[in-house]
Amino acid sequence: MTTSPAGQLRSIAIGVTDLEAAERFYTGTWHLETVARTGDAVYLRGTGSFHHILSLHRGAQPDVRNLTFSVAAPADLVSIAQRTESAGGRVISGPAPVDEPGGGTAVVIADPQGRILRFVHGDERHAGKDAQRDVKKDAPVRITHAVFNSADVAVAQKFFEDALGFRLSDRTRIMAFMRCNSDHHSIALADADSNTLNHIAFVMPDLDAVMRGAGRMSDAGWPIEWGVGRHGPGNNVFAYFVGPDDFVIEYTADVLQVDDSYQAGAPSDWTWPPGRFDQWGVSKPPSDRIKQAQKKIRFIEHTQ
């Protein structure tokens, strides 16, 4: 399979207005685990091997600080830095040591629409089997994808292809699904009026875990805003929620695994009968609340 220097999506850093309340939610209800803490940030792990998959940073308003990928080799950092500017992005720093829990060496870049992306090698990992931990069966394993709203999907898509070696998996009427490994997509780009965050997807062990997680969220007063259902592109099961600070978060499972033989679909390949919102035909449409929340979280801008 053709490989991308981007490797695998590792973590996302977000700004939250109430750090303590956000930590209680993401540990007590969403079922992540605090693995490190600084004065103004909390680092949360899933059940997989990554040191952390979500970091919460105290801020005046909700925002996205960066998205981080874990790369396979130091040479991948050099390749990304060399290809970024010629592809229309900007190198902010690196390769240089990472000064936060998890460590490693990173290249930090901004894409043509201002999103900050980090690529890390040599970061800390947890033991693969985690034999000594009481792993929750209904806890997220890792982040499987993030969806970005884009005012110009063609520009963003070309950058991810040229600078980072992503490939198009499918194109629907409103979204381009991009992959950098065997997951059907690690990034998706949604046609929109502005460059904001659409949602973050956390992969669960299986369908039962998605259902148990959805039930736990509902019990805690966080209703399902879209789902439960099964998507077309990616074939993944989904349940969407609006979490603290109106971040849209998804429990998902059964993400389609692809290789170079996968043929990218066009919008005409991904249509539903009128009134249907997923493969199964059981999901209600996305709520008005989630439609608004999917547009509002902005990315911080790096000035230099």
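Refer to the structure printed above.
Residues numbered from 1 in each chain as written. Predicted model: local features only at pLDDT ≥ 70, side-chain atom pairs only at ≥ 80, totals over all residues. Heavy atoms only, no water.

### Thoughts on the layout of surface pockets
- In this model, the largest pocket occupies a volume close to 1100 Å³.
- Around the largest pocket, the lining is made up of 36 residues, and of these T172, R173, I174, M175 and W226 lie nearest the centre.
- Listing elements by their share of the lining of the largest pocket, those giving two or more residues are β9 (142–150), β11 (175–179), β12 (187–191), β13 (196–203), β14 (226–230) and α5 (288–296).
- Taken together, the residues of the lining of the largest pocket break down into 14 nonpolar, 13 polar and 9 charged.
- The volume enclosed by the second largest pocket comes to roughly 180 Å³.
- Broken down by secondary-structure element, the contributors of at least two residues to the lining of the second largest pocket are β4 (54–58), β5 (63–70) and β8 (116–121).
- Residue classes in the lining of the second largest pocket are distributed as 4 nonpolar, 4 polar and 3 charged. (1 Å grid on protein atoms, 1.4 Å probe; cavity = no way out; pocket = protein on both sides within 12 Å on 5 of 7 lines; lining within 4 Å. Points joined across faces, edges and corners; volume = space filled by probe spheres on them. Helix = DSSP H or I, 4+ residues; strand = E, 2+ residues; numbered from the N terminus. Nonpolar A, V, L, I, M, F, W, Y, C, P; charged D, E, K, R; others polar.)

### A look at the packing of aromatic side chains
- Evaluated as defined, the whole model comprises 15 aromatic pairs.
- Taking 5.1 Å as the distance between ring centres and 80° as the angle between the ring planes, the aromatic pair formed by F160 and F166 counts as edge-to-face.
- A relative accessible area of 0% places F160 in the buried class.
- With a centroid separation of 4.8 Å and 50° between ring planes, the pair formed by W226 and F238 is classed as tilted. One end of the pair, W226, is in strand β14; the other, F238, is in strand β15 (residues 237–242), with 12 residues separating them in the sequence.
- Given the relative accessible area of 0%, F238 is considered buried.
- Grouped by ring-pair contacts, the aromatic residues F25, Y26, W30, F202, W222, F241 and Y251 constitute a single cluster.
- For R115, the ring lying beneath its charged end belongs to F299, and the centroid distance is 5.9 Å. (Phe/Tyr/Trp six-rings, centres within 6.5 Å; stacked < 30°, edge-to-face > 60°. Buried < 20%, exposed > 50% of the residue type's maximum accessible area, 1.4 Å probe, protein only. Lys NZ or Arg CZ within 6 Å of the ring centre and 35° of its normal.)

All quantities given are derived from atomic positions and should not be read as evidence of function.
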